[in-house]
Amino acid sequence: KLGLTVAPAGREALADFTADREMRVGIVTGTGRAFSAGADLKEMSANFQAAEPGSQRGRHLEPTTVQFSRNPKPFIAAINGLCLAGGLERALDCDIRICSNEAYFGLFEVKRGILPGYAIHHLARLIPFGEAMYMMLTADRVSPEQALRWGMVHEVTEPADLMPRAIANICCSPPERVPAICQT
């Protein structure tokens, strides 16, 4: 889960990655059956409900955000399993998204009375507006096939092929051209 303790380590790792000239691409993946379940929505909901009316609710989550899209190097999300809420938002922030046929996606914040963060601003830039609204308003699970059809992921693979495909996507690109593409 994405939480306040993840932020400093994530930002430090991102800074190290960016500074290392030998590293050309970042591959973000999960372990076990999950890519990322995002933040604890129960905790977020409780904090949201306890906030004073008119306050900047949800502001406590901003430090957890590690933005891959602002990096001069490309990032690939190798989505191995469930990819929910803030976890989906981190995947959406990657340049390329590949998933296993065992993955599924969802924005479940609405079930807790919370607005999706990054997704509310960026999801409709990646997939058709109606599909983005459907995801955010219904909190339905989205299959790998739907995600591919909508353009949310670029490829669906067998679980054993996920990392080899993620690695193959960038390794064939000329290293001197990749940062220029990412900075446009």
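Everything that follows concerns the structure shown earlier in this document.
A brief report on the enclosed structure follows. Position labels on residues start from 1 in each chain and follow its written sequence. In keeping with the predicted nature of the model, local features appear solely for residues at pLDDT of at least 70, side-chain atom pairs appear and are counted solely at 80 or more, and the whole-chain, interface and lining totals rest on all residues. Values shown for side chains rest on all heavy atoms present in the structure; no hydrogens or waters enter the calculation.

## Some remarks on the overall build of the protein
Numbering of helices and strands starts at the N terminus; helices are DSSP runs of H or I of at least 4 residues and strands are runs of E of at least 2. Looking only at helices and strands, one finds eight helices and seven strands in the protein. Burial classification: accessible surface area is computed with a 1.4 Å probe over protein chains only, and a residue below 20% of its type maximum counts as buried, one above 50% as exposed, and the rest as partly exposed. Buried residues in the protein amount to 39% of all 184 residues. Restricting the contact set of the protein to residue pairs at least 6 apart, pairs at least 24 apart contribute 71%. Computed with a 1.4 Å probe, the accessible areas rest on the Shrake-Rupley method; for each residue, only the protein chains presented here act as cover. Summing over all exposed atoms, the protein offers an accessible surface of approximately 10100 Å²; the carbon and sulfur share of this is 55%. Contacts are residue-level and defined by heavy atoms, with any inter-residue pair within 4.5 Å sufficient.

## Examining the sheet that holds strand E1 (residues 26-29)
Spatially, the four strands line up as an open sheet ordered E1-E3-E5-E7, and their pairing is parallel. Pairing within the sheet leaves two strands with one partner each, and these edge strands are E1 and strand E7 (155-157). With direction set aside, neighbouring strand axes in the sheet form an average angle of 25 degrees. Any two strands with at least two DSSP bridges between them are considered paired. The sheet contact formed by strand E3 (residues 75-79) and strand E5 (residues 96-100) spans four bridges and is parallel. Within E5, the residue paired with Ala 78 across the bridge is Ile 98. Orientation is described by lines fitted to C-alpha atoms, with helices fitted over the stretch in contact, and by angles between N-to-C directions that extend from 0 to 180 degrees.

## A short note on the packing of helix H4 (residues 118-126) against helix H5 (residues 129-138)
The N-to-C vectors of H4 and H5 enclose an angle of 150 degrees; their axes lie 8 Å apart at closest approach. Taken together, the axes of H4 and H5 are roughly antiparallel relative to one another. In this structure, the crossing between H4 and H5 has a hand that is right-handed. Residue-level inspection shows Ala 119, Ile 120, Leu 123 and Ala 124 of H4 in contact with H5, the latter providing Phe 129, Ala 132, Met 135 and Met 136. In these notes the angle categories are as follows: under 35 degrees is roughly parallel, over 145 is roughly antiparallel, 65 to 115 is roughly perpendicular, and the rest is oblique. Left-handed describes a crossing whose near helix is turned anticlockwise from the far helix by less than a right angle; the clockwise case is right-handed.

## Observations concerning the side chain of Arg 97
Looking at the element boundaries, Arg 97 is found in strand E5. At 7.1 Å, Asp 95 is the nearest oppositely charged side chain to Arg 97, a buried residue that forms no salt bridge. Any pair of N or O atoms that falls within 3.5 Å is considered a polar contact. Within protein, one atom must be able to donate a hydrogen and the other to accept it, and sequence-neighbouring residues count only if both atoms are side-chain atoms. Within the structure, the side chain of Arg 97 is placed 2.6 Å from the backbone oxygen of Cys 94, a separation counted as a polar contact. Sequence-distant contacts of Arg 97, that is, excluding residues within four places in its chain, are made with Ala 77, Ile 79, Ala 91, Leu 92, Leu 126, Gly 151, Met 152, Val 153, His 154 and Glu 155. None of His or the chain ends enter the tally, which takes Lys and Arg as positive and Asp and Glu as negative. Any carboxyl oxygen of Asp or Glu within 4 Å of a side-chain nitrogen of Lys or Arg constitutes a salt bridge here.

## Overview of the pattern of salt bridges
All told, the structure shown has one salt bridge when counted by the stated rule. When the shortest N-O distance is used, the salt bridge between Arg 165 and Glu 155 registers 2.7 Å. In this pair, Arg 165 sits in helix H7 (residues 162-171) while Glu 155 sits in strand E7, placing the two residues 10 residues apart along the sequence.

## Re the sheet that holds strand E4 (residues 82-84)
Within the open sheet, the three strands sit side by side as E2-E4-E6. Their pairing is parallel. Single-partner strands in this sheet number two, and they are strand E2 (34-36) and strand E6 (104-106). Taking the axes of each pair of neighbouring strands and ignoring which way they run, one obtains an average angle of 15 degrees across the sheet. Two elements, E2 and E4, share two bridges in a ladder whose sense is parallel.

## Quick notes on H4
Looking only at H4, the buried set comprises Tyr 118, Ala 119 and Leu 123. Along H4, the residues classed as buried sweep out an arc of 85 degrees about the axis, all on the same side. The exposed residues of H4 that point more than 90 degrees off its buried face are His 121 and Arg 125. Looking at the buried positions of H4, the neighbouring elements they touch are helix H3 (85-92) and H5. This arc corresponds to the set of directions leading from the helix axis out to the C-beta atoms.

## So, the packing of aromatic side chains
Pairing of aromatic side chains requires ring centres within 6.5 Å, counting the rings of Phe and Tyr and the six-membered ring of Trp. Pairs whose planes differ by under 30 degrees are stacked, by over 60 edge-to-face, and all others tilted. By the definition in use, this model includes two aromatic pairs. Ring plane angle 35 degrees and centroid distance 4.6 Å describe the contact between Phe 68 and Phe 75, whose orientation is recorded as tilted. Two conditions define a charge sitting above a ring: the NZ of Lys or the CZ of Arg must be within 6 Å of the ring centre, and it must be within 35 degrees of the ring normal. When the ring centre of Phe 108 is taken as reference, the NZ or CZ atom of Lys 111 above it lies at 5.1 Å. Just above the ring of Tyr 104 sits the side chain of Arg 141; from NZ or CZ to the centre is 3.5 Å.

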